[in-house]
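One letter stands for each residue in the lines below.
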Amino acid sequence: MQFATWNVNSLNIRLPQVIDWLAANPVDVLALQELKMADDKFPIDAFNEAGWQAVWHGQKTYNGVALISKQPARDVIKNNPLFEDDHARLIAGTFGDADQAVRVIGGYFPNGQAPDSDKFVYKMHWMKALRQWVADEMSRHPRFLIMGDYNITFGPEDTYSPETLEGTIHCTEAEREQLQGLVQLGLHDALRQFAPGPKVYTWWDYRNLAFRKNQGYRIDHILVSDALKKVATDCLVDKAPRKNERPSDHTPVVLTIA
DNA sequence: ATGGCCATCGCGGATGGA
């Protein structure tokens with residue numbers, strides 16, 4: 001099975017790119033973030049016509065998440081049942097048959113804006129509540145993964161300029177403690193099992209020729225349970241869509257399991 | 001050239017992203 005995550009920064013703008021990417025990369029589940037559209041605007045017909053199922057949780061202008069899949073999702077949950085939230089940032093579903101089934105959460109984690117902002121406080125509360133929900137889901141689903149735009153780096157190696165970016169948003173101790181809180185539930189950074197080297201990024205600013213100069217951040221992640229880590233055979237960043245006309249500033253991360 | 005973004009809402013320019 002294959003799983004992927006991609007922050008598309010507006011599904012309206014990126015829909016043709018998503019359909020094209022799925023044709024070339026027929027993964028079992030693709031988690032999308034930043035749909036930036038209300039639920040009734042979701043292009044379900046376009047996905048169905050291309051042979052895909054989808055579940056989604058959108059809102060106007062901001063946020064919004066979806067799970068695109070070959071087979072229908074089961075046991076779908078939208079947002080964290082343990083956290084009241086005005087934002088559409090989380091969606092869960094189960095995919096695959098019987099004892100091979102995988103429980104998936106797709107998430108668009110809060111940006112946080114700046115360490116001294118109200119949005120940062122919200123990010124911390126959101127992360128703390130997410131940990132509780134993930135613990136609950138993992139207790140019932142050993143084959144578990146959570147993927148998406150985390151808006152957090154694991155460490156200084158995850159940006160192009162740690163000397164200037166450590167301590168700024170996505171690179172604070174407080175955010176990394178929250179991320180480690182998830183990891184301590186028994187999760188593993190899938191990409192690092194297969195791409196241990198430096199300069200592995202998933203986001204590049206639209207400005208300053210950042211992509212051409214590979215001035216990026218690694219903030220999109222797939223965390224997998226022990227059971228899935230054991231059967232993972234590959235995980236990679238697909239930089240190809242970042243070279244498209246009108247690209248998203250994020251690019252997909254793709255996990256393969258046996 | 002030596003670097004100056006992009007999407008949304010809505011029609012100018014603020015807001016948010018990261």
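Let me begin by describing the structure that accompanies this report.

Each value, and the rule that gives it
Residues numbered from 1 in each chain as written. Chains lettered and ligands numbered in written order. Predicted model: local features only at pLDDT ≥ 70, side-chain atom pairs only at ≥ 80, totals over all residues. Heavy atoms only, no water. Helix = DSSP H or I, 4+ residues; strand = E, 2+ residues; numbered from the N terminus. Rg over C-alpha atoms; globule rule 2.2 N^0.38 Å. Buried < 20%, exposed > 50% of the residue type's maximum accessible area, 1.4 Å probe, protein only. Contact = heavy atoms within 4.5 Å. Areas by Shrake-Rupley, 256 points an atom, 1.4 Å probe, with all protein chains shown as cover. Lys, Arg positive; Asp, Glu negative; His and termini not counted. Charge placed at Lys NZ, Arg CZ, Asp CG, Glu CD. Pairing = 2+ DSSP bridges. Axes fitted to C-alpha atoms, helices over the stretch in contact; angles between N-to-C directions. Core = buried A, V, L, I, M, F, W, Y, C linked by side-chain atoms within 4.5 Å. Near = heavy atom within 4 Å. Polar contact = N/O pair within 3.5 Å; in protein donor to acceptor, adjacent residues only side chain to side chain. Nonpolar A, V, L, I, M, F, W, Y, C, P; charged D, E, K, R; others polar. Right-handed = clockwise from strand over helix to strand, strands pointing away.

### Quick notes on the overall build of chain A
At step 1: When its secondary structure is counted, chain A shows seven helices and 14 strands.
At step 2: Computed over C-alpha atoms, the radius of gyration of chain A comes to 17 Å, within 12% of the 18 Å expected from 2.2 N^0.38 for 258 residues, which places it in the range of a compact globule.
At step 3: Its C-alpha atoms give chain A principal-axis dimensions of roughly 45 × 40 × 35 Å.
At step 4: By the burial criterion, 57% of the 258 residues in chain A qualify as buried.
At step 5: Put simply, 69% of the contacts in chain A that link residues at least 6 apart link residues at least 24 apart.
At step 6: Counting only carbon and sulfur atoms, one obtains 50% of the accessible surface of chain A, whose full area is about 11,400 Å².
At step 7: Separation between the mean location of the 28 positive side-chain charges and that of the 33 negative ones in chain A comes to 3 Å.

### Details of the sheet that holds strand S12 (residues 220-225)
At step 1: A sheet is described by the order of its strands in space; here six strands give the open sequence S5-S6-S7-S8-S12-S9, paired in mixed fashion. This sheet does not close on itself; its edge strands, each paired only once, are strand S5 (74-78) and strand S9 (187-189). Averaged over all pairs of adjacent strands, the angle between strand axes in this sheet comes to 20°, irrespective of strand direction.
At step 2: Judged from the six bridges that link them, strand S7 (residues 102-108) and strand S8 (residues 144-149) form a sheet pairing that is parallel. When the bridges of S8 are listed, Ile105 appears paired with Ile146.

### Describing the nonpolar core
At step 1: Within the largest apolar cluster, 26 residues are counted, with the highest numbers of intra-cluster contacts made by Phe3, Leu67, Val104, Leu145, Met147, Ile222 and Leu255.
At step 2: Apart from residues lying up to four places away in sequence, Leu67 is in contact with Val29, Leu30, Ala31, Gln53, Ala54, Val55, Ile91, Ala92, Gly93, Phe95, Val104 and Gly106.
At step 3: Val134, Ile152, Phe154 and Leu182 belong to the second largest nonpolar core, which has 22 residues in total.

### Some words on the protein's contact with DNA strand B
At step 1: Neighbouring DNA strand B are 24 residues; Ser10, Asn111, His170, Arg207 and Asn208 lie closest to it.
At step 2: Here DNA strand B approaches the protein such that, of its atoms within 4 Å, sugar and phosphate make up 79%.
At step 3: Between DNA strand B and Arg207 there is a distance of 3.5 Å, counted from a sugar or linking oxygen to a backbone nitrogen or oxygen.
At step 4: Between Arg246 and DNA strand B, the recorded distance is 3.0 Å, taken from a side-chain N or O atom to a phosphate oxygen.
At step 5: In terms of residue class, the surface near DNA strand B is built from seven nonpolar, nine polar and eight charged.

### Points about the pairing of strand S2 (residues 29-33)
At step 1: Burial runs high along S2: five of the five residues are buried.
At step 2: One ladder, built from five bridges, connects strand S1 (residues 2-7) with S2; its direction is parallel. Note on S2: the bridge partner recorded for Phe3 is Val29.
At step 3: Crossover S1 to S2 through helix H1 (residues 11-24) is right-handed.

### Observations concerning the sheet that holds strand S13 (residues 232-237)
At step 1: Within the open sheet, the six strands sit side by side as S3-S4-S2-S1-S14-S13. Their pairing is mixed. Bordering the open sheet on either side are strand S3 (53-57) and S13, each of which pairs with just one other strand. Across this sheet, the average inter-strand angle for adjacent strands is 10°, counted without regard to direction.
At step 2: Examined bridge by bridge, S13 and strand S14 (residues 253-257) share five bridges and lie antiparallel to one another. The residue bridging Val237 from the neighbouring strand is Val253, located in S14.
At step 3: Here H1 sits on the sheet and contacts S1, S2, strand S4 (65-69) and S14; the angle it forms with S2, its principal contact strand, is near 165°.

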